[in-house]
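Each chain is listed here by its residues.
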Amino acid sequence: MEKIPYKIYLSEDEMPKYWFNLRSKMKELPEPFVNPGTGEYCTKEELLPVFCEDLVDQELNTTDTYIEIPEEIRNYYKMYRPSPLVRAYSLEKALDTPAEIYYKYEGTNTSGSHKLNSAAAQAYYAKKQGLSSLTTETGAGQWGTALSMACAHFNLDLSVYMVKVSADQKPHRRAVMETYGAKVIASPSNTTNVGRKILAETPDTNGSLGCAISEAIEVAVTTDSCKYVLGSVLNHVGLHQSIIGLETKTACDKYDIKPDIIIGCAGGGSNLLGLIAPFMADKIEGKNDIDFVAIEPASCPSLTRGRYALDFGDTGKTTPLIRMYTLGSGFMPSPNHAGGLRYHGMSPIISKLYHDGYIRAKSYIQNEVFEAAVQFARIEGILPAPESSHAIKAAIDEALACKESGEKKTIIFGLTGTGYFDMTAYTNYNSGNMTDYIPTDEDLQKGFDSLPQVNQK
Ligand SMILES: Cc1ncc(COP(=O)(O)O)c(C=O)c1O
(Lines give C-alpha, C1' and ligand atoms only; values in the text may rest on other atoms or scores of the structure.)
Protein backbone atom coordinates (compact mmCIF):
# COMPACT_ATOMS: atom_id res chain seq x y z
CA MET A 1 0.00 0.00 0.00
CA GLU A 2 1.37 3.45 -0.88
CA LYS A 3 2.32 5.73 1.99
CA ILE A 4 -0.55 7.84 3.19
CA PRO A 5 0.14 11.51 2.39
CA TYR A 6 -0.12 14.21 5.05
CA LYS A 7 -3.23 15.48 3.31
CA ILE A 8 -5.52 13.27 1.25
CA TYR A 9 -7.17 15.47 -1.37
CA LEU A 10 -9.86 14.00 -3.59
CA SER A 11 -10.26 15.37 -7.12
CA GLU A 12 -13.35 17.39 -8.06
CA ASP A 13 -14.60 14.38 -10.01
CA GLU A 14 -14.53 12.29 -6.85
CA MET A 15 -16.80 14.70 -4.99
CA PRO A 16 -20.19 13.22 -4.04
CA LYS A 17 -23.11 14.00 -6.35
CA TYR A 18 -25.64 12.83 -3.76
CA TRP A 19 -26.15 13.54 -0.07
CA PHE A 20 -26.59 10.54 2.21
CA ASN A 21 -29.83 10.23 4.18
CA LEU A 22 -28.96 8.07 7.20
CA ARG A 23 -32.58 7.76 8.33
CA SER A 24 -33.26 5.43 5.41
CA LYS A 25 -30.84 2.96 7.01
CA MET A 26 -31.91 3.24 10.66
CA LYS A 27 -33.69 0.27 12.22
CA GLU A 28 -35.91 2.61 14.22
CA LEU A 29 -36.61 6.16 13.11
CA PRO A 30 -36.53 9.27 15.30
CA GLU A 31 -40.05 10.38 16.22
CA PRO A 32 -41.54 12.97 13.81
CA PHE A 33 -42.06 16.55 15.04
CA VAL A 34 -45.14 17.04 17.20
CA ASN A 35 -47.51 20.01 16.98
CA PRO A 36 -47.58 21.42 20.56
CA GLY A 37 -51.17 22.61 20.11
CA THR A 38 -52.78 19.40 18.83
CA GLY A 39 -50.34 16.74 20.12
CA GLU A 40 -50.32 15.26 16.60
CA TYR A 41 -47.40 14.77 14.25
CA CYS A 42 -46.64 17.85 12.15
CA THR A 43 -47.66 17.80 8.52
CA LYS A 44 -45.74 19.26 5.62
CA GLU A 45 -48.28 22.12 5.44
CA GLU A 46 -47.57 23.09 9.04
CA LEU A 47 -43.85 23.46 8.34
CA LEU A 48 -44.21 25.46 5.12
CA PRO A 49 -44.89 28.91 6.68
CA VAL A 50 -41.47 28.78 8.32
CA PHE A 51 -39.23 26.77 5.97
CA CYS A 52 -38.54 26.50 2.21
CA GLU A 53 -40.47 23.75 0.49
CA ASP A 54 -37.54 21.67 -0.82
CA LEU A 55 -36.03 21.74 2.66
CA VAL A 56 -39.30 20.58 4.23
CA ASP A 57 -39.35 17.69 1.74
CA GLN A 58 -35.82 16.75 2.76
CA GLU A 59 -36.74 17.16 6.43
CA LEU A 60 -39.56 14.64 6.11
CA ASN A 61 -37.81 12.22 3.76
CA THR A 62 -37.04 9.04 5.70
CA THR A 63 -36.86 6.63 2.76
CA ASP A 64 -34.46 7.81 0.03
CA THR A 65 -30.86 6.95 0.86
CA TYR A 66 -29.36 9.18 -1.83
CA ILE A 67 -30.64 12.70 -2.51
CA GLU A 68 -29.15 14.44 -5.51
CA ILE A 69 -27.07 17.56 -4.90
CA PRO A 70 -28.24 20.11 -7.51
CA GLU A 71 -25.52 21.20 -9.94
CA GLU A 72 -25.57 24.83 -8.70
CA ILE A 73 -24.75 23.64 -5.19
CA ARG A 74 -22.06 21.28 -6.44
CA ASN A 75 -20.51 24.18 -8.34
CA TYR A 76 -20.56 26.26 -5.18
CA TYR A 77 -19.01 23.39 -3.21
CA LYS A 78 -16.21 23.25 -5.78
CA MET A 79 -15.09 26.73 -4.70
CA TYR A 80 -13.88 25.30 -1.38
CA ARG A 81 -14.19 21.50 -1.50
CA PRO A 82 -13.18 18.69 -1.44
CA SER A 83 -11.75 19.32 2.01
CA PRO A 84 -8.63 17.39 3.02
CA LEU A 85 -8.51 14.34 5.27
CA VAL A 86 -5.30 15.03 7.14
CA ARG A 87 -3.06 12.40 8.69
CA ALA A 88 -1.82 14.08 11.87
CA TYR A 89 1.70 12.66 11.63
CA SER A 90 3.14 15.49 13.76
CA LEU A 91 0.57 14.99 16.51
CA GLU A 92 1.12 11.22 16.50
CA LYS A 93 4.86 11.78 16.89
CA ALA A 94 4.44 14.39 19.64
CA LEU A 95 2.12 12.09 21.59
CA ASP A 96 4.39 9.11 20.93
CA THR A 97 1.31 7.00 20.26
CA PRO A 98 0.94 3.85 18.16
CA ALA A 99 -2.50 5.19 17.10
CA GLU A 100 -3.08 6.66 13.64
CA ILE A 101 -4.84 10.02 13.89
CA TYR A 102 -6.75 11.67 11.04
CA TYR A 103 -8.88 14.78 10.91
CA LYS A 104 -11.34 15.95 8.30
CA TYR A 105 -10.58 19.64 8.04
CA GLU A 106 -13.61 21.81 7.28
CA GLY A 107 -11.95 25.17 8.03
CA THR A 108 -10.63 25.85 4.53
CA ASN A 109 -13.34 28.33 3.43
CA THR A 110 -13.52 32.02 4.37
CA SER A 111 -16.40 31.56 6.83
CA GLY A 112 -14.09 29.11 8.61
CA SER A 113 -16.27 26.07 9.20
CA HIS A 114 -18.44 23.21 7.95
CA LYS A 115 -21.53 25.44 8.19
CA LEU A 116 -21.10 26.57 4.58
CA ASN A 117 -22.07 23.07 3.38
CA SER A 118 -25.64 23.61 4.51
CA ALA A 119 -25.72 27.40 4.04
CA ALA A 120 -25.03 27.02 0.31
CA ALA A 121 -27.78 24.41 -0.02
CA GLN A 122 -30.37 26.36 1.95
CA ALA A 123 -29.70 29.66 0.13
CA TYR A 124 -29.94 27.86 -3.21
CA TYR A 125 -33.36 26.34 -2.40
CA ALA A 126 -34.65 29.70 -1.10
CA LYS A 127 -33.65 31.38 -4.35
CA LYS A 128 -35.17 28.54 -6.36
CA GLN A 129 -38.45 29.11 -4.51
CA GLY A 130 -38.34 32.81 -5.53
CA LEU A 131 -37.85 34.21 -2.01
CA SER A 132 -36.16 37.55 -1.48
CA SER A 133 -34.85 37.23 2.06
CA LEU A 134 -33.88 34.85 4.86
CA THR A 135 -33.54 35.13 8.64
CA THR A 136 -31.45 33.07 10.96
CA GLU A 137 -29.70 32.89 14.31
CA THR A 138 -26.01 32.48 14.97
CA GLY A 139 -24.18 31.40 18.11
CA ALA A 140 -20.46 31.50 17.63
CA GLY A 141 -20.96 33.43 14.39
CA GLN A 142 -19.79 30.62 12.13
CA TRP A 143 -23.24 29.83 10.79
CA GLY A 144 -24.18 33.50 10.28
CA THR A 145 -20.95 34.10 8.40
CA ALA A 146 -21.44 31.03 6.23
CA LEU A 147 -25.02 32.03 5.43
CA SER A 148 -24.01 35.60 4.59
CA MET A 149 -21.51 34.21 2.08
CA ALA A 150 -24.14 31.92 0.56
CA CYS A 151 -26.81 34.66 0.47
CA ALA A 152 -24.38 37.05 -1.22
CA HIS A 153 -23.70 34.39 -3.89
CA PHE A 154 -27.37 33.55 -4.48
CA ASN A 155 -28.46 37.20 -4.17
CA LEU A 156 -30.74 37.09 -1.10
CA ASP A 157 -31.13 39.58 1.77
CA LEU A 158 -30.29 38.21 5.20
CA SER A 159 -30.95 39.19 8.86
CA VAL A 160 -28.84 37.39 11.45
CA TYR A 161 -29.83 37.28 15.13
CA MET A 162 -26.51 36.84 16.89
CA VAL A 163 -26.39 35.57 20.50
CA LYS A 164 -25.48 38.64 22.57
CA VAL A 165 -22.46 37.16 24.33
CA SER A 166 -20.92 36.18 20.97
CA ALA A 167 -21.73 39.57 19.43
CA ASP A 168 -19.89 41.21 22.35
CA GLN A 169 -16.94 38.81 22.18
CA LYS A 170 -16.58 38.84 18.41
CA PRO A 171 -17.10 42.27 16.79
CA HIS A 172 -15.07 41.20 13.77
CA ARG A 173 -17.42 38.31 13.03
CA ARG A 174 -20.15 40.90 12.72
CA ALA A 175 -17.96 42.96 10.38
CA VAL A 176 -17.40 39.95 8.10
CA MET A 177 -21.15 39.22 7.94
CA GLU A 178 -21.86 42.87 7.14
CA THR A 179 -19.17 42.83 4.47
CA TYR A 180 -21.09 40.03 2.75
CA GLY A 181 -24.25 42.17 3.01
CA ALA A 182 -26.05 40.70 6.06
CA LYS A 183 -27.85 42.73 8.74
CA VAL A 184 -26.68 41.60 12.20
CA ILE A 185 -28.79 42.11 15.36
CA ALA A 186 -27.57 41.15 18.88
CA SER A 187 -30.13 38.81 20.52
CA PRO A 188 -32.27 39.18 22.56
CA SER A 189 -33.20 42.45 20.87
CA ASN A 190 -36.10 44.88 20.98
CA THR A 191 -36.87 44.25 17.28
CA THR A 192 -39.24 41.33 18.01
CA ASN A 193 -42.04 40.58 20.47
CA VAL A 194 -40.28 37.53 21.79
CA GLY A 195 -37.01 39.44 22.22
CA ARG A 196 -38.76 42.23 24.15
CA LYS A 197 -40.43 39.63 26.38
CA ILE A 198 -37.15 37.84 27.15
CA LEU A 199 -35.45 41.18 27.86
CA ALA A 200 -38.26 42.22 30.22
CA GLU A 201 -37.99 38.92 32.13
CA THR A 202 -34.16 38.68 32.16
CA PRO A 203 -32.65 42.09 31.35
CA ASP A 204 -29.06 40.95 32.03
CA THR A 205 -29.23 37.82 29.89
CA ASN A 206 -26.25 36.87 27.70
CA GLY A 207 -28.66 35.44 25.18
CA SER A 208 -28.69 31.89 23.87
CA LEU A 209 -29.21 30.07 20.62
CA GLY A 210 -32.73 29.26 21.78
CA CYS A 211 -33.61 32.98 22.14
CA ALA A 212 -32.04 33.93 18.83
CA ILE A 213 -33.97 31.18 17.03
CA SER A 214 -37.27 32.51 18.44
CA GLU A 215 -36.50 36.01 17.18
CA ALA A 216 -35.49 34.86 13.71
CA ILE A 217 -38.61 32.68 13.35
CA GLU A 218 -40.87 35.57 14.38
CA VAL A 219 -39.37 37.77 11.66
CA ALA A 220 -39.72 35.01 9.05
CA VAL A 221 -43.40 34.37 9.73
CA THR A 222 -44.26 38.08 9.79
CA THR A 223 -42.31 39.13 6.66
CA ASP A 224 -43.37 38.56 3.06
CA SER A 225 -41.18 36.39 0.83
CA CYS A 226 -38.97 35.55 3.78
CA LYS A 227 -38.21 32.19 5.40
CA TYR A 228 -36.21 31.01 8.35
CA VAL A 229 -33.15 28.82 8.00
CA LEU A 230 -31.34 26.94 10.74
CA GLY A 231 -27.68 25.95 10.84
CA SER A 232 -27.99 22.73 12.83
CA VAL A 233 -30.30 20.28 14.66
CA LEU A 234 -32.74 19.69 11.79
CA ASN A 235 -32.60 16.58 9.64
CA HIS A 236 -32.01 18.42 6.36
CA VAL A 237 -28.98 20.23 7.83
CA GLY A 238 -27.44 16.91 8.83
CA LEU A 239 -28.24 15.64 5.33
CA HIS A 240 -26.25 18.49 3.71
CA GLN A 241 -23.37 17.83 6.11
CA SER A 242 -23.18 14.22 4.91
CA ILE A 243 -20.80 15.55 2.25
CA ILE A 244 -18.19 15.52 5.06
CA GLY A 245 -18.66 11.82 5.79
CA LEU A 246 -18.97 10.80 2.14
CA GLU A 247 -15.70 12.49 1.22
CA THR A 248 -14.06 11.00 4.32
CA LYS A 249 -15.26 7.52 3.38
CA THR A 250 -14.02 7.85 -0.21
CA ALA A 251 -10.61 8.95 1.08
CA CYS A 252 -10.54 6.05 3.57
CA ASP A 253 -11.51 3.51 0.92
CA LYS A 254 -8.83 4.86 -1.43
CA TYR A 255 -6.07 4.31 1.11
CA ASP A 256 -7.59 1.31 2.91
CA ILE A 257 -7.98 3.27 6.15
CA LYS A 258 -10.30 1.47 8.57
CA PRO A 259 -11.39 3.74 11.42
CA ASP A 260 -11.84 2.25 14.90
CA ILE A 261 -13.06 5.49 16.47
CA ILE A 262 -14.82 8.50 14.91
CA ILE A 263 -15.16 11.60 17.07
CA GLY A 264 -17.09 14.81 16.56
CA CYS A 265 -18.05 17.77 18.70
CA ALA A 266 -21.80 18.09 19.16
CA GLY A 267 -23.67 21.37 19.46
CA GLY A 268 -26.86 20.75 17.52
CA GLY A 269 -25.29 17.62 16.06
CA SER A 270 -24.96 18.50 12.37
CA ASN A 271 -21.21 18.03 11.80
CA LEU A 272 -21.19 14.83 13.83
CA LEU A 273 -24.14 13.45 11.91
CA GLY A 274 -22.60 14.43 8.58
CA LEU A 275 -19.23 12.91 9.44
CA ILE A 276 -20.54 9.60 10.70
CA ALA A 277 -23.53 9.08 8.34
CA PRO A 278 -22.10 6.60 5.79
CA PHE A 279 -19.97 4.83 8.42
CA MET A 280 -22.96 4.51 10.75
CA ALA A 281 -25.04 2.98 7.94
CA ASP A 282 -22.37 0.27 7.65
CA LYS A 283 -22.37 -0.24 11.41
CA ILE A 284 -26.15 -0.65 11.40
CA GLU A 285 -25.72 -3.29 8.68
CA GLY A 286 -23.07 -5.06 10.79
CA LYS A 287 -20.22 -4.19 8.40
CA ASN A 288 -18.06 -2.41 10.98
CA ASP A 289 -17.85 -1.92 14.72
CA ILE A 290 -16.72 1.69 14.88
CA ASP A 291 -16.83 3.48 18.23
CA PHE A 292 -18.69 6.76 17.52
CA VAL A 293 -18.16 9.50 20.10
CA ALA A 294 -20.01 12.79 20.57
CA ILE A 295 -18.20 15.47 22.58
CA GLU A 296 -19.97 18.33 24.31
CA PRO A 297 -19.06 21.02 26.84
CA ALA A 298 -19.59 20.20 30.52
CA SER A 299 -21.38 23.56 30.79
CA CYS A 300 -24.10 22.48 28.32
CA PRO A 301 -24.31 18.67 28.60
CA SER A 302 -27.40 17.85 26.48
CA LEU A 303 -26.47 14.21 25.81
CA THR A 304 -24.54 13.28 28.96
CA ARG A 305 -26.93 14.84 31.47
CA GLY A 306 -30.03 15.73 29.46
CA ARG A 307 -33.37 13.95 29.14
CA TYR A 308 -34.73 12.21 26.06
CA ALA A 309 -37.99 14.11 25.81
CA LEU A 310 -40.25 16.12 23.56
CA ASP A 311 -39.14 19.75 23.74
CA PHE A 312 -39.21 23.04 21.92
CA GLY A 313 -36.23 23.89 19.75
CA ASP A 314 -36.22 27.49 20.98
CA THR A 315 -36.59 29.51 24.18
CA GLY A 316 -39.70 31.32 22.95
CA LYS A 317 -41.45 27.94 22.49
CA THR A 318 -42.50 28.64 18.92
CA THR A 319 -41.12 25.55 17.15
CA PRO A 320 -42.75 22.14 16.83
CA LEU A 321 -41.83 19.68 19.58
CA ILE A 322 -38.78 17.55 18.86
CA ARG A 323 -37.98 14.28 20.62
CA MET A 324 -34.33 14.81 21.52
CA TYR A 325 -31.82 14.88 24.34
CA THR A 326 -32.45 18.21 25.95
CA LEU A 327 -31.70 20.30 29.00
CA GLY A 328 -35.07 22.05 28.57
CA SER A 329 -35.67 25.05 26.34
CA GLY A 330 -35.60 27.23 29.49
CA PHE A 331 -32.01 26.17 30.27
CA MET A 332 -29.66 29.14 30.05
CA PRO A 333 -26.08 27.88 29.59
CA SER A 334 -23.21 29.78 31.20
CA PRO A 335 -21.20 31.93 28.75
CA ASN A 336 -18.90 29.16 27.53
CA HIS A 337 -16.55 30.25 24.75
CA ALA A 338 -17.65 27.45 22.45
CA GLY A 339 -20.77 29.43 21.48
CA GLY A 340 -21.73 26.90 18.82
CA LEU A 341 -22.12 24.20 21.47
CA ARG A 342 -24.33 26.25 23.80
CA TYR A 343 -27.61 24.73 22.69
CA HIS A 344 -30.09 23.04 25.02
CA GLY A 345 -31.12 20.29 22.58
CA MET A 346 -29.62 17.93 20.01
CA SER A 347 -30.31 16.61 16.53
CA PRO A 348 -33.20 14.12 16.77
CA ILE A 349 -31.20 11.64 14.66
CA ILE A 350 -28.10 11.87 16.87
CA SER A 351 -30.39 11.67 19.91
CA LYS A 352 -32.06 8.50 18.65
CA LEU A 353 -28.71 6.87 17.79
CA TYR A 354 -27.41 7.76 21.24
CA HIS A 355 -30.57 6.49 22.88
CA ASP A 356 -30.28 3.20 21.00
CA GLY A 357 -26.62 2.75 21.96
CA TYR A 358 -24.95 3.39 18.59
CA ILE A 359 -23.05 6.45 19.85
CA ARG A 360 -21.43 7.27 23.16
CA ALA A 361 -20.97 10.78 24.53
CA LYS A 362 -18.48 12.54 26.75
CA SER A 363 -18.12 16.08 28.07
CA TYR A 364 -15.11 18.26 28.82
CA ILE A 365 -14.60 21.49 30.76
CA GLN A 366 -13.35 24.40 28.69
CA ASN A 367 -9.91 24.74 30.32
CA GLU A 368 -8.98 21.20 29.29
CA VAL A 369 -10.41 21.82 25.82
CA PHE A 370 -8.26 24.93 25.38
CA GLU A 371 -5.20 23.09 26.65
CA ALA A 372 -5.74 20.59 23.82
CA ALA A 373 -6.44 23.44 21.34
CA VAL A 374 -3.15 25.17 22.14
CA GLN A 375 -1.23 21.89 22.03
CA PHE A 376 -2.79 21.09 18.64
CA ALA A 377 -2.12 24.59 17.27
CA ARG A 378 1.55 24.39 18.23
CA ILE A 379 2.03 20.88 16.83
CA GLU A 380 -0.21 20.74 13.74
CA GLY A 381 -0.15 24.47 12.92
CA ILE A 382 -3.92 25.01 12.63
CA LEU A 383 -5.62 27.41 15.07
CA PRO A 384 -8.80 25.44 15.88
CA ALA A 385 -12.25 26.76 16.77
CA PRO A 386 -13.17 26.15 20.44
CA GLU A 387 -16.05 23.91 19.31
CA SER A 388 -13.76 21.74 17.20
CA SER A 389 -11.24 21.61 20.05
CA HIS A 390 -13.63 19.42 22.02
CA ALA A 391 -13.07 16.73 19.39
CA ILE A 392 -9.31 17.38 19.44
CA LYS A 393 -9.22 16.84 23.20
CA ALA A 394 -11.07 13.54 22.85
CA ALA A 395 -8.81 12.37 20.00
CA ILE A 396 -5.70 13.17 22.06
CA ASP A 397 -7.14 11.27 25.04
CA GLU A 398 -7.91 8.25 22.85
CA ALA A 399 -4.41 8.35 21.32
CA LEU A 400 -2.86 8.52 24.80
CA ALA A 401 -4.99 5.56 25.89
CA CYS A 402 -3.52 3.66 22.92
CA LYS A 403 -0.04 4.59 24.10
CA GLU A 404 -0.91 3.14 27.49
CA SER A 405 -2.39 -0.08 26.09
CA GLY A 406 -0.10 -0.45 23.10
CA GLU A 407 -3.09 -0.66 20.73
CA LYS A 408 -2.74 0.71 17.20
CA LYS A 409 -6.20 2.16 16.74
CA THR A 410 -7.22 4.39 13.85
CA ILE A 411 -8.88 7.57 15.08
CA ILE A 412 -10.72 10.06 12.87
CA PHE A 413 -12.07 13.32 14.21
CA GLY A 414 -13.92 16.25 12.68
CA LEU A 415 -11.93 19.48 12.74
CA THR A 416 -14.95 21.63 12.02
CA GLY A 417 -13.38 25.06 11.87
CA THR A 418 -10.80 27.71 12.63
CA GLY A 419 -10.60 29.94 15.70
CA TYR A 420 -9.42 33.28 14.28
CA PHE A 421 -12.46 35.07 15.70
CA ASP A 422 -12.14 33.38 19.07
CA MET A 423 -9.15 35.34 20.27
CA THR A 424 -10.97 36.68 23.35
CA ALA A 425 -11.28 33.06 24.43
CA TYR A 426 -7.65 32.28 23.64
CA THR A 427 -6.55 35.47 25.46
CA ASN A 428 -8.53 34.41 28.53
CA TYR A 429 -6.97 30.98 28.43
CA ASN A 430 -3.44 32.26 27.82
CA SER A 431 -3.69 34.68 30.73
CA GLY A 432 -5.07 32.02 33.09
CA ASN A 433 -8.43 33.77 33.34
CA MET A 434 -10.63 31.09 31.86
CA THR A 435 -13.23 29.85 34.29
CA ASP A 436 -15.21 26.64 34.24
CA TYR A 437 -18.76 26.36 35.27
CA ILE A 438 -20.50 23.01 35.50
CA PRO A 439 -24.23 23.25 36.16
CA THR A 440 -25.42 21.65 39.41
CA ASP A 441 -28.30 19.17 39.43
CA GLU A 442 -30.47 22.00 40.77
CA ASP A 443 -29.51 24.22 37.80
CA LEU A 444 -30.43 21.41 35.42
CA GLN A 445 -33.70 20.80 37.23
CA LYS A 446 -34.78 24.38 36.42
CA GLY A 447 -34.34 23.57 32.74
CA PHE A 448 -36.16 20.24 33.05
CA ASP A 449 -39.03 22.07 34.76
CA SER A 450 -39.49 24.01 31.50
CA LEU A 451 -40.15 20.79 29.53
CA PRO A 452 -43.64 20.85 28.07
CA GLN A 453 -46.38 18.52 29.29
CA VAL A 454 -47.62 16.92 26.11
CA ASN A 455 -50.82 15.00 25.55
CA GLN A 456 -49.75 13.06 22.49
CA LYS A 457 -52.43 11.78 20.15
C1 LIG B 1 -16.74 25.46 14.31
C2 LIG B 1 -18.01 24.82 14.80
N3 LIG B 1 -17.99 23.51 15.08
C4 LIG B 1 -19.09 22.87 15.55
C5 LIG B 1 -20.26 23.57 15.78
C6 LIG B 1 -21.41 22.81 16.35
O7 LIG B 1 -22.49 22.68 15.51
P8 LIG B 1 -23.02 21.26 15.03
O9 LIG B 1 -23.13 20.41 16.25
O10 LIG B 1 -24.31 21.52 14.39
O11 LIG B 1 -22.03 20.74 14.06
C12 LIG B 1 -20.34 24.93 15.48
C13 LIG B 1 -21.60 25.66 15.67
O14 LIG B 1 -21.70 26.84 15.55
C15 LIG B 1 -19.17 25.57 14.99
O16 LIG B 1 -19.18 26.87 14.71
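All figures in this text were calculated on a predicted structure; none of them were measured in a lab.

Engineer: How would you sum up the overall build of the protein chain? Please name residues and give values.
Structural biologist: Looking only at helices and strands, the protein chain features 18 helices and 15 strands. Dimensions of the protein chain, computed from C-alpha atoms along their principal axes, come out at roughly 60 × 50 × 45 Å. Per-residue burial for the protein chain yields a buried fraction of 56% across its 457 residues. Excluding contacts between residues fewer than 6 apart, the proportion of contacts in the protein chain whose partners are at least 24 apart in sequence is 77%.

Engineer: Describe unusual backbone geometry, and please don't skip the residues or the numbers.
Structural biologist: Residue R81 is joined to P82 through a cis peptide bond whose omega torsion reads -5°. Topologically, P82 is positioned in the loop between α3 (71-78) and β4 (85-87). The step from S187 to P188 runs through a cis peptide bond, and the omega angle for that step is 5°. Its place among the elements puts P188 in the loop between β8 (183-187) and α9 (193-201).

Engineer: For the UniProt feature "domain: Tryptophan synthase beta chain-like PALP" (unreviewed entry) in the protein chain, give the residues involved together with the corresponding values.
Structural biologist: Residues given the UniProt feature "domain: Tryptophan synthase beta chain-like PALP" (unreviewed entry) here are residues 80-417. Spanning residues 80-417, this segment combines 45% helix with 20% strand, and its end C-alpha atoms are found 13 Å apart.

Engineer: Account for helix α8 (residues 171-179), naming residues and giving values.
Structural biologist: If you check which residues of α8 are buried, you get R173, R174, V176 and M177. End-on view of α8: buried residues confined to an arc of 160°, all on one side of the axis. Within α8, the exposed residues directed more than 90 degrees away from the buried face are P171, H172, A175 and T179. One or two residues past the end of α8 sits G181, with phi positive at roughly 100°.

Engineer: Before we move on, could you go through the sheet that holds strand β7 (residues 157-163) and cite the residues and values that matter?
Structural biologist: Strand order in the open sheet formed by 4 strands is β8-β7-β6-β9, and the pairing between neighbours is parallel. At either margin of the open sheet sits one strand with a lone partner, and together these are β8 and β9 (226-228). The average undirected angle you get between the axes of adjacent strands in this sheet is 20°. Across 6 bridges, strand β6 (residues 133-138) lies against β7 in parallel orientation. If you follow T138 over to β7, its bridge partner there is M162.

Engineer: Any chance you could break down the domain arrangement of the protein chain for me, citing the residues and the numbers?
Structural biologist: Here the protein chain is partitioned into domain 1 (7-15 + 80-112 + 240-449) and domain 2 (47-66 + 115-228). The C-alpha centroid of domain 2 is placed 23 Å from the C-alpha centroid of domain 1. The interface is formed by 28 residues belonging to domain 1 together with 30 residues belonging to domain 2. When residues in the side of domain 1 that touches domain 2 are grouped by element, the largest group, 4 residues, is from helix α11 (residues 235-254). Grouping the amino acids of the side of domain 1 that touches domain 2 by side-chain chemistry returns 8 nonpolar, 17 polar and 3 charged.

Engineer: So what's going on with the site of the ligand? Which residues, and what values?
Structural biologist: Around the ligand there are 20 residues in total, and Q142, S232, G267, G340 and G417 lie nearest to it. Going through the elements one at a time, α6 (142-154), α12 (270-284) and α16 (386-405) are the ones with two or more residues in the shell around the ligand. Looking at the shell around the ligand residue by residue, the class counts come to 6 nonpolar, 13 polar and 1 charged. Counting only domains with at least three residues in the shell around the ligand, you end up with domain 1 (7-15 + 80-112 + 240-449) and domain 2 (47-66 + 115-228).

Engineer: Quick rundown of the pairing of strand β5 (residues 100-105)? Include the residues and the values.
Structural biologist: Most of β5 sits out of view: 6 of its 6 residues are buried. Neither face of β5 is left uncovered, since the one carrying E100, Y102 and K104 and the one carrying I101, Y103 and Y105 both have all their residues buried. Bridge count between β4 and β5: 3 bridges; the pairing is antiparallel. Bridging from a neighbouring strand, L85 pairs with K104 of β5.

Engineer: Explain the sheet that holds β4 residue by residue, including any values.
Structural biologist: If you trace the 7 strands from one edge of the open sheet to the other, you get β1-β4-β5-β15-β10-β11-β14, paired in mixed fashion. Edge strands, defined here as strands with exactly one partner in the open sheet, are β1 (7-8) and β14 (359-364). The pairing of strand β11 (residues 291-297) with β14 spans 6 bridges and is parallel. Within β14, the position partnered with A294 by the bridge is A361. Along the sheet, α12 contacts β5, β10 (261-265), β11 and β15 (410-415); its crossing angle with β10, the most-contacted strand, is approximately 160°.

Engineer: A description of the pairing of β15 should follow, citing residues and the corresponding values.
Structural biologist: Buried residues dominate β15, accounting for 5 of its 6 residues. Pairing between β5 and β15: 6 bridges, direction parallel. The residue bridging Y103 from the neighbouring strand is F413, located in β15. Where β10 meets β15, 3 bridges bridge the pair, whose relative direction is parallel. Across the sheet, I262 pairs through a bridge with I412, a residue of β15.

Engineer: A description of the packing of α3 against helix α5 (residues 116-128) should follow, citing residues and the corresponding values.
Structural biologist: It is the contact of α3 with α5, at a shortest axis distance of 10 Å, that shows an interaxial angle of 145°. In this structure, α3 meets α5 at a crossing whose hand is right-handed. Residues E72, I73, Y76 and Y77 of α3 form the contact with α5, whose own contacting residues are A120, A121 and Y124. Considering only residue class, the contact of α3 with α5 consists of 6 nonpolar, no polar and 1 charged.

Engineer: Go over the environment of I290, please, and point to the residues and values.
Structural biologist: Secondary-structure assignment places I290 in the loop between α12 and β11. A tally of 19 C-beta atoms within 10 Å means that I290 is categorised as partly exposed. Taking the C-alpha atoms as reference points, I290 and G112, separated by 178 residues in sequence, lie 28 Å from one another. Those residues in contact with I290 that lie beyond four places of it in its chain are P259, D260, I261, I262, F279 and K283.

About the thresholds
Residues numbered from 1 in each chain as written. Predicted model: local features only at pLDDT ≥ 70, side-chain atom pairs only at ≥ 80, totals over all residues. Helix = DSSP H or I, 4+ residues; strand = E, 2+ residues; numbered from the N terminus. Buried ≥ 20, exposed ≤ 12 C-beta atoms within 10 Å, placed from the backbone. Contact = placed C-beta atoms within 7 Å. UniProt positions renumbered as here; feature names shortened; annotations may be inferred. Arc of directions from axis to C-beta. Pairing = 2+ DSSP bridges. Axes fitted to C-alpha atoms, helices over the stretch in contact; angles between N-to-C directions. Domains from an automatic or database assignment. Nonpolar A, V, L, I, M, F, W, Y, C, P; charged D, E, K, R; others polar. Near = placed C-beta within 6 Å. Left-handed = near helix turned anticlockwise from the far one by under 90°.

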